[in-house]
Amino acid sequence: MALFIVCLLLAAFFVTVHAGLMIGLILEWRRDRNALSKSQPGEPRFPRVSVVIPFRNEKERMRPLLESLAAQEYPELEFIFIDDRSSDGGGDLLRDFEKKVPAIPVTLIRLEENPGINRKQYALARGIEAADGELFLFTDADCTVPPGWVSAMAARMRNHGTGITIGPVFKKAQGRGFFQLYQCFDHAVRYMYLAASTGLGAAGGGFGNNLILRREALEAVGGYDAVPPSPTEDASLIAQIRARSRYKVRAACGSDVHVMTQGERTWRNFVSQTLRWNNGGLFSPDFSTRLNFGYLMAAISLGILCIVPALFVPWVWLLPAGVYISMTMNTIAVLALFRVSLPRAGLAYIFQLIFTPMYFTFLTILGVFGVKARWKGADLSCPD
């Protein structure tokens, strides 16, 4: 009986936490809609936006991004590109890009060396130094942005109290099959958790390839170089804004800001990428992020690891049941809000639902045992 009560309480608490997250998601969705309809007295209609994009050896993957950036229409705009020691001539693409946007300033910064603990973070800091916008908007070289992306992200910063807004990023399926669909689903689930926790005032992560930041908010925490180095520099930045400034963190939900990124071609690369994200949460320099993310991963892992003992001790089934009830809520929320940017897969999402907590458990075990991600040949405990 004691085991039954313990398992019941643990499962009920986990489901209740997820029900609370669903409330947070609804709140953030409503805030996002309201942000587009309200303006602040005295605020410029078009604050200057600096789009900051670091890249390294991304020549082939960067072409679609440049095409989508060339289609942006926003009156106060500049582009800052940081070539982080590329050897593939990717920076040469910017000559043609400049011709397509003759009215928009385009700056290319070439790094000959990168002494940063987190090299992407160092590159971003150099780009921010060269920017003169009131708002900094970030994306990555392997992304494509929707028409009106700059305007839509800037509109979400109309409230002077908003310091940073995180936008959704979804993966493009590179083909058919379980692996391709799972990458898309995994990305959407992660953003759902992010938006939901943001709605509850506990944002603990972020997608740095779709993020807009107010200059004043960054200065309030000492500038970008003051952000503690982390495998997930975007999450570290968001944690600093939330904890050390008066500015709010918001998450965008509308389809007008859905950024698409390219999926990985192998499980090995995908595991490295998602392990970096998980390790960034588990070992974040921000205590609140470590606590919230750590609880979530620990509860999921406990439920999944109890599947085998549940074959012999019936009441233990309550723990994996709690995990899958919660995962069902997540899946419904993801498909309700973000289906427009996800593959049409119908009932195949049931298999994604089943696999996701198992995969999260796998990543958590790797992280706990000190396994570090490798990405593009580099150790991503401090990503290259």
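Everything below is about the structure shown above.
Just so you know, these numbers come straight off a predicted model, no measurement behind them.

Parameters at a glance
- Residues numbered from 1 in each chain as written.
- Predicted model: local features only at pLDDT ≥ 70, side-chain atom pairs only at ≥ 80, totals over all residues.
- Heavy atoms only, no water.
- Core = buried A, V, L, I, M, F, W, Y, C linked by side-chain atoms within 4.5 Å.
- Buried < 20%, exposed > 50% of the residue type's maximum accessible area, 1.4 Å probe, protein only.
- Helix = DSSP H or I, 4+ residues; strand = E, 2+ residues; numbered from the N terminus.
- Contact = heavy atoms within 4.5 Å.
- Polar contact = N/O pair within 3.5 Å; in protein donor to acceptor, adjacent residues only side chain to side chain.
- Salt bridge = Lys/Arg side-chain N within 4 Å of Asp/Glu carboxyl O.
- Pairing = 2+ DSSP bridges.
- Phe/Tyr/Trp six-rings, centres within 6.5 Å; stacked < 30°, edge-to-face > 60°.
- Lys NZ or Arg CZ within 6 Å of the ring centre and 35° of its normal.
- Right-handed = clockwise from strand over helix to strand, strands pointing away.
- Axes fitted to C-alpha atoms, helices over the stretch in contact; angles between N-to-C directions.
- Parallel < 35°, antiparallel > 145°, perpendicular 65-115°, else oblique.
- Left-handed = near helix turned anticlockwise from the far one by under 90°.
- Nonpolar A, V, L, I, M, F, W, Y, C, P; charged D, E, K, R; others polar.

**A closer look at the nonpolar core**
Leu-69, Phe-81, Trp-149 and Leu-213 are the most contacted members of the largest nonpolar core, which has 106 residues in total. Examining the composition of this core, we find that 13 residues originate from one element, helix α6 (residues 178–199), more than from any other. Apart from the residues within four sequence positions on either side, Phe-81 is in contact with Ile-53, Phe-55, Leu-66, Leu-69, Leu-94, Phe-97, Val-106, Thr-107, Leu-108 and Ile-109. Within the second largest apolar cluster, five residues are counted, among which are Cys-7, Ala-310, Val-316 and Leu-319.

**Thoughts on the side chain of Asp-32**
Mapped onto the fold, Asp-32 is located in helix α1 (residues 2–35). In terms of polar contacts, Asp-32 uses its side chain to reach the backbone amide nitrogen of Cys-253, at 3.0 Å. Setting aside residues no more than four positions away along its own chain, Asp-32 makes contact with Arg-156, Ala-251, Ala-252, Cys-253 and Gly-254.

**Considerations on unusual backbone geometry**
Phi at Asn-57 takes a positive value of approximately 55°, unusual for a residue other than glycine. By the element assignment, Asn-57 lies in the loop between β1 (49–55) and α2 (59–70). The exposure class assigned to Asn-57 is partly exposed, which follows from its relative accessible area of 35%.

**Overview of the environment of Ala-235**
Its place among the elements puts Ala-235 in helix α8 (residues 233–244). Relative accessible area serves as the criterion here: at 9%, Ala-235 is assigned to the buried category. Residues contacting Ala-235, with those up to four places away along its chain left out, are Gly-204, Gly-205 and Gly-206.

**A closer look at the pattern of salt bridges**
One side chain can pair with another of opposite charge once the charged atoms of both are near each other. Under the counting rule described, the total for this entry stands at 17 salt bridges. Here Arg-61 and Glu-58 are joined by a salt bridge, their closest N and O atoms 3.1 Å apart. Given the relative accessible area of 7%, Glu-58 is considered buried.

**Topic: the sheet that holds strand β10 (residues 259–262)**
If you walk across this open sheet you meet the three strands as β5-β10-β7, and the pairing is mixed. At either margin of the open sheet sits one strand with a lone partner, and together these are β5 (143–144) and β7 (169–172). Sheet analysis places β5 next to β10, joined by two bridges and oriented antiparallel. Across the sheet, Cys-143 pairs through a bridge with Thr-261, a residue of β10.

**Details of the packing of aromatic side chains**
Enumeration over the complete set of coordinates arrives at 25 aromatic pairs. A centroid spacing of 5.6 Å and a plane angle of 85° characterise the contact between Phe-46 and Tyr-74, whose relative ring orientation is edge-to-face. A residue pair is termed long-range when its members are at least 10 positions apart, and Phe-46 in the loop between α1 and β1 and Tyr-74 in the loop between α2 and β2 (77–84) qualify at 28 residues. Ring plane angle 25° and centroid distance 6.5 Å describe the contact between Tyr-182 and Trp-267, whose orientation is recorded as stacked. Placement of the pair is Tyr-182 in helix α6 and Trp-267 in helix α9 (residues 267–282), with a sequence separation of 85 residues. Of the residues examined, Tyr-182 reaches a relative accessible area of 0% and is grouped as buried. For Trp-267, a relative accessible area of 34% corresponds to the partly exposed category. Counting every residue linked through ring pairs, the aromatic cluster contains Phe-178, Phe-179, Tyr-182, Trp-267, Phe-270, Phe-355, Tyr-359 and Phe-362. In this structure, Arg-126 packs its charged tip against the face of Tyr-122, placed 4.5 Å from the ring centre.

**A word on the pairing of β1**
Judged by how many residues are buried, β1 sits mostly within the fold: seven of seven residues are covered. By the alternation rule, side chains of β1 split into Val-49, Val-51, Ile-53 and Phe-55 and Ser-50, Val-52 and Pro-54, which are all buried. For β1 and β2, the ladder comprises seven bridges, and the chain directions are parallel. Looking at β2, one finds that Phe-55 is bridged to Asp-83. The parallel pair β1 and β2 is bridged by α2, and the resulting crossover is right-handed.

**Some remarks on the side chain of Gln-262**
Looking at where Gln-262 falls in the secondary structure, it is placed in strand β10. Among the polar contacts made by the side chain of Gln-262, one reaches the main-chain carbonyl oxygen of Arg-61 at a distance of 3.5 Å.

**Considering the packing of α9 against helix α13 (residues 348–368)**
With their axes 9 Å apart at the nearest point, α9 and α13 run at an angle of 70° to one another. In terms of their interaxial angle, α9 and α13 are classed as roughly perpendicular. Where α9 crosses over α13, the two elements pack in a sense that is right-handed. Facing α9, whose interface residues are Trp-267, Phe-270, Val-271, Thr-274, Leu-275, Asn-278, Asn-279 and Leu-282, α13 presents Phe-355, Tyr-359, Phe-360, Phe-362, Leu-363, Thr-364, Leu-366 and Gly-367. Its residues placed into classes, the contact of α9 with α13 shows eleven nonpolar, five polar and no charged.

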